[in-house]
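Each chain is listed here by its residues.
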Amino acid sequence: MPKQETLERAHEDKEEGKSASTQAGEFVREEMHHIREGKHGAANTKQAIAIGLSKARRAGVDLPPPRSGKTSTRTRKQAERDSQKGQTSRGASPSATRSHATMNALKREGHSAASPANLARHARTAAKKRSSTSRSKSAKAAAQTRKRTAR
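In this text, all values refer to a predicted model and were calculated from it rather than measured experimentally.

Basis of the calculations
In this convention, every chain numbers its residues from 1, walking through the sequence in written order. For a predicted model such as this one, the threshold for reporting local features is a pLDDT of at least 70, and the threshold for listing and counting side-chain atom pairs is 80 or more; totals across whole chains, interfaces and linings nevertheless cover every residue. Think of the side-chain values as coming from all heavy atoms in the structure, minus any hydrogens and water. Under this scheme, a helix contributes an axis fitted over its contacting stretch, all axes are lines through C-alpha atoms, and angles between N-to-C directions fall in the 0 to 180 degree range. Each helix is a run of H or I in the DSSP string that is no shorter than four residues. Each strand is a run of E no shorter than two, and both are numbered from the N terminus. The scheme is simple: roughly parallel for angles under 35 degrees, roughly antiparallel for over 145, roughly perpendicular for 65 to 115, oblique for anything else. Any pair of residues with heavy atoms lying within 4.5 Å of one another is described as a contacting pair. The buried label applies to any residue whose accessible area, calculated with a 1.4 Å probe on protein chains only, is under 20% of its type's maximum; exposed applies above 50%, and partly exposed to all values in between. We define a salt bridge as a side-chain nitrogen of Lys or Arg found within 4 Å of a carboxyl oxygen belonging to Asp or Glu.

Some words on the packing of helix α3 (residues 45-58) against helix α6 (residues 116-128)
Geometrically, a packed helix pair is captured by the angle between its two axes and the distance between the axes.
Moving on, step 1. Remark: α3 packs on α6, axes separated minimally by 10 Å, with the N-to-C direction vectors making an angle of 85°. As the angle between them shows, α3 and α6 are arranged roughly perpendicular. Residues Thr-45, Lys-46 and Ile-49 of α3 lie in contact with α6, whose contacting residues are Asn-118, Leu-119 and His-122.

Topic: the environment of Gly-52
Moving on, step 1. Structurally, Gly-52 can be placed in helix α3.
Moving on, step 2. Assessed through its relative accessible area of 0%, Gly-52 is described here as buried.
Moving on, step 3. A C-alpha to C-alpha distance of 8.3 Å links Gly-52 and Met-32, two positions 20 residues apart in sequence.
Moving on, step 4. Among all residues touching Gly-52, those that are not within four sequence positions of it are Phe-27, Val-28 and Glu-31.

Re the pattern of salt bridges
Moving on, step 1. All told, the structure shown has five salt bridges when counted by the stated rule.
Moving on, step 2. For Glu-5, the salt bridge goes to Arg-9, with nearest N and O atoms at 3.5 Å. Here Glu-5 and its partner Arg-9 are both found in helix α1 (residues 4-15), four residues apart, which amounts to about one turn of the helix.
Moving on, step 3. A relative accessible area of 48% places Glu-5 in the partly exposed class.
Moving on, step 4. Taking the relative accessible area as the measure of exposure, Arg-9 reaches 26% and is therefore partly exposed.
Moving on, step 5. For the salt bridge of Lys-18 with Glu-16, the shortest nitrogen-to-oxygen distance reads 3.5 Å.
Moving on, step 6. Overlapping salt bridges, with partners in common, bring together Glu-5, Arg-9 and Glu-26 in one network.

Here it is, written out as structure tokens:
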């Protein structure tokens, strides 16, 4: 379960008209802190980000699942289930056995996935996959939502 302040920051982003990915970024940020604190680990940076996005979807952030061809069918289906969970009201609590098993598996993973060097490497490789037009377009969209005082 995400911290209350993470939920509030994501809600603030939504109120300010920021994109769903910006709102989800708060959850990814929290996940990186968890890994750095040693709460659990991740095999790589991509997995750490995926955990944060999953938490965001479950918390109700309107983040669409990845497009077909971008990830495996299994990942996309899980993202759809996470989104569905975020839209419905809280039902039964999750299985304690399963939660413990997941946490124990994550604790065995490394903690370097959230290191600044690995995050920078991931950002560079992700940016290289996008066209300059795409990067420019998203930068212009971000500038539109920035507060007047910051500009």
